[in-house]
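Summary of the model geometry
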Amino acid sequence: VRDGALGQCETPKDPRYPDCPNKMDWMRARWTSDPCYAFYGVDGSDCSFLVYLSEVEWFCPPLPWRNQTATPTLKPPPRRQAIFQSDIGTLLERVGTGKESLSFMKRRIRRLAAQWASAARRLDDKLRNQWREQKRILVHVGFLTEESGDVFSPKVLKGGPLGEMVQWADILTALYVLGHDLKISVSLKELHGFLGVPPGRGSCPLTGPLPFDLIYTDYHGLQQMKQHMGLSLRKHKCHIRVIDTFGTEPAYNHEEYATLHGYRTNWGYWNLHGQQYMTMFPHTPDNSFMGFVAEELNETERLNIQRSKVNNMAVVYGKEASMWKGKEKFLAILHRYMEIHGTVYYETQRPPEVPAFVKNHGLLPQQELQQLLRKAKVSSQHPYAEQYIGRPHVITIDFNNSEEFDATIREIMRINVEPFLPYEYTCEGMLERVNAYIQNQDFCSPEASFPPVNSSGAWLGNPPSPFILLPNSSTLAWASNASYYTSWPPLSALRLLTSLEGQSCVEACQSAGLICEPALYRFINIKEAFSALDFQCEALESEMNHLFPAFSAEHAECGLQQDPLLFSCAGSSAKYQRLCPCRDYRNGQVALCRDCL
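Described in the following lines is the structure provided in the data block. Everything numeric in this text was worked out from a predicted model, so none of it was measured.

Considerations on the sheet that holds strand β6 (residues 288-289)
The 6 strands are arranged β2-β1-β3-β4-β5-β6 in an open sheet whose pairing can be described as parallel. Here the strands that pair on one side only, and so sit at the sheet edges, are β2 (181-185) and β6. Sheet topology note: the strand β1 (residues 136-140)/strand β3 (residues 214-217) ladder contains 4 bridges and is parallel. By the bridge assignment for β3, His140 is matched with Thr217. Packed on one face of the sheet, helix α8 (residues 188-195) meets β1, β2 and β3 and runs near 145 degrees to β2.

Some points on the packing of aromatic side chains
Summed over the entire model, instances satisfying the criterion amount to 21 aromatic pairs. Ring centres 6.5 Å apart and planes at 85 degrees place the aromatic pair Phe194 and Phe212 in the edge-to-face group. Here Phe194 is found in helix α8, whereas its partner Phe212 is found in the loop between α8 and β3, with 18 residues between them in sequence. On the accessibility criterion, Phe212 (6% relative accessible area) is buried. Taken together, a centroid distance of 5.8 Å and an interplanar angle of 70 degrees make the contact between Trp478 and Phe523 edge-to-face. Linking Trp478 in strand β11 (residues 476-478) with Phe523 in the loop between β13 (515-516) and α20 (527-532), this pair joins segments that are 45 residues apart in sequence. The pair Trp478 / Phe523 is uniform in exposure class, with both members buried. Clustering of aromatic rings is evident, with ring pairs tying together Trp26, Tyr37, Phe39, Tyr40 and Tyr52. For Arg132, the ring lying beneath its charged end belongs to Phe84, and the centroid distance is 4.1 Å. Taking the ring centre of Tyr269 as reference, the NZ or CZ of Arg264 above it sits at 4.2 Å.

Re unusual backbone geometry
That bond from Arg391 to Pro392 is cis: its omega, 0 degrees, falls within 30 degrees of zero. Residue placement: Pro392 occurs in the loop between α16 (383-389) and α17 (402-414). Geometrically, the link from Trp488 to Pro489 is a cis peptide bond, its omega value of 0 degrees lying close to zero. Residue Asn472 is not a glycine yet carries a positive backbone phi of 50 degrees.

Remarks on the state of the cysteines
With the rule as written, the count across this model stands at 9 disulfides. A sulfur-sulfur distance of 1.9 Å marks the disulfide that ties Cys537 to Cys558. Its S-S torsion of about -85 degrees marks the bond between Cys537 and Cys558 as left-handed, since a negative value means left-handed. With a gap of 21 residues between them, Cys537 in the loop between α20 and β14 (539-543) and Cys558 in strand β16 (residues 557-561) connect regions that are remote in the sequence. Note on Cys558: relative accessible area 0%, which makes it buried. Covalently, Cys593 is tied to Cys596 through a disulfide, its sulfur atoms 2.2 Å apart. Across the S-S bond of Cys593 and Cys596 the torsion is about 105 degrees, and the bridge reads as right-handed. Summarising the burial analysis for this pair, Cys593 and Cys596 share the class buried.

A short note on the environment of Tyr425
As for its position among the elements, Tyr425 is in the loop between α17 and α18 (427-440). Residue classification places Tyr425 among the buried residues on the basis of a relative accessible area of 3%. Tyr425 sits 135 residues away from Met290 along the chain, and the two C-alpha atoms are 9.9 Å apart. Setting aside residues up to four positions removed in sequence, Tyr425 forms contacts with Met280, Phe281, Pro282, Phe289, Gly291, Phe292, Val293, Ala294 and Tyr384. A polar side-chain atom of Tyr425 sits 3.4 Å from the main-chain carbonyl oxygen of Met280.

What about helix α9 (residues 219-228)?
Every buried residue of α9 is listed here: Tyr219, Gly221, Leu222, Gln224, Met225 and His228. Tucked into the core, α9 has its buried residues touching β1, α8, β3, α10 (232-236), β4 (240-243) and β5 (277-279). Its side-chain oxygen 3.3 Å from the backbone nitrogen of His220, Asp218 forms the N-cap of α9. The positive-phi residue at the C-terminal boundary of α9 is Gly230, with phi of around 55 degrees.

Some points on the pairing of β16
Most of β16 sits out of view: 4 of its 5 residues are buried. The pairing of β14 with β16 spans 5 bridges and is classified as parallel. Each bridged residue has a counterpart across the sheet, and for Glu543 the counterpart in β16 is Gln561. Here strand β15 (residues 550-552) folds back onto β16 in antiparallel fashion, the turn holding 4 residues, of which Ala556 has a positive phi close to 50 degrees.

The rules behind the values
Residues numbered from 1 in each chain as written. Predicted model: local features only at pLDDT ≥ 70, side-chain atom pairs only at ≥ 80, totals over all residues. Heavy atoms only, no water. Pairing = 2+ DSSP bridges. Helix = DSSP H or I, 4+ residues; strand = E, 2+ residues; numbered from the N terminus. Contact = heavy atoms within 4.5 Å. Axes fitted to C-alpha atoms, helices over the stretch in contact; angles between N-to-C directions. Phe/Tyr/Trp six-rings, centres within 6.5 Å; stacked < 30°, edge-to-face > 60°. Buried < 20%, exposed > 50% of the residue type's maximum accessible area, 1.4 Å probe, protein only. Lys NZ or Arg CZ within 6 Å of the ring centre and 35° of its normal. Disulfide = S-S within 2.5 Å. Polar contact = N/O pair within 3.5 Å; in protein donor to acceptor, adjacent residues only side chain to side chain.

Set out below in structure tokens:
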């Protein structure tokens, strides 16, 4: 039965399946290269190749004589409501044991459990019992797998980087507390089991439909999925969210563009949607800001901190001796005014890079480190802290300028500052943000094409231009009487403005007190956007360029973006004024617009 009648297994020549003949040749030559082909019934005959290429992969047309075994269309599982959960016992079991890094994460989850529980109650009240869909979620922490070398676990107690583990612990807790169906994997064996990877070397697709709505992983995990999921990764990558500490801008993410224009790095080039990358801080609005949480203080703790403040004490944060190298001049000025404390790890001898006048506490557990920081007066430099918190809590200086540094230390000694924690770094803030992403971000459903008709880049809707000028402003908004398109953030949040030459859209939106929103780029990638901003286009071109849409004054040329993966808030050029889709943001929650909840 398998071989059909004679002649039924000739390679079909069907223009809808142009790769079929090449794939048949490949299978004839290489089918023994991976045991997964035999697992799917390939036996070296042309018929078995055709069955495989039409039913397991999708390079050849379905075979008429195989109709009775055609895969039935699987119904998606029924939608369930997500219910907030506060008992973390099940979560701790799922995190597992056997690694120092997992023990560190579990200690953190336990310590913050009460804060997460009260945050969940507050958010539940705030959302007024809004219906939230429960998602099936896999979290695969690639950097903790033995196969990626798990360099973190041995260093947990020796000054190694803990930021990633703090963030992963908080992501796991947020997803669990929000009430989703959560599976956790920290090994390739677990990953194979959860995904349904067939036995072999990873060349074949998964054995069934993807059993998850969302997969959170890191770059190590993404690489592992590429090696073990075969073609299924391409098919399912819209479900993936990559936890990416520093972020990946679109020019680096687009494989072909990055290779052609010198943006290729070890980490980028995955051709994901920019907002599938989730960062530790809101570095770039091209990615989604995942964040983490900082411990909150009750009123008694706040008062205790004010009482135990030490007038002339500074903590310099650098856990490894190498971080102190070459900073002697800076430390000497600080020492003039303040007692300096450090938390540098060492095993036997105090490292020579740390000056003798520094009181070194060695590596401290998180709670003790926080107690030390709460006594101190000086904060470390940091773009997020500089931009969204600022004075008096954060003062950014060039520490190579000793006069400026000296003056700043004296200023710090004069002022008294209340403890401050931005809402987005509280448990409630993180739950609100992650919930909004899960319920609203969708990179799998094809977007309705925009403009809605041909690809000439022209708006043929009604009114003649979808943009209107806001009163007393040079900013444009989406006209309320223009055709409505569903998007998130909603079109009501869109503010269209233009950058200066040499300015990125991140900076242009910021200077107007707004945030650049890449999800709204497709609505301004039309020639009417140029005329609404009073640009006279003598030529209109469409190309792959991470700065487009943009206007070149030199040639009176208007450039539209050809590839949506290259819509980028980051990037600037002295040649172009860029068109920027900005939006407002909620106070203390830059990731969400005012209408985003």
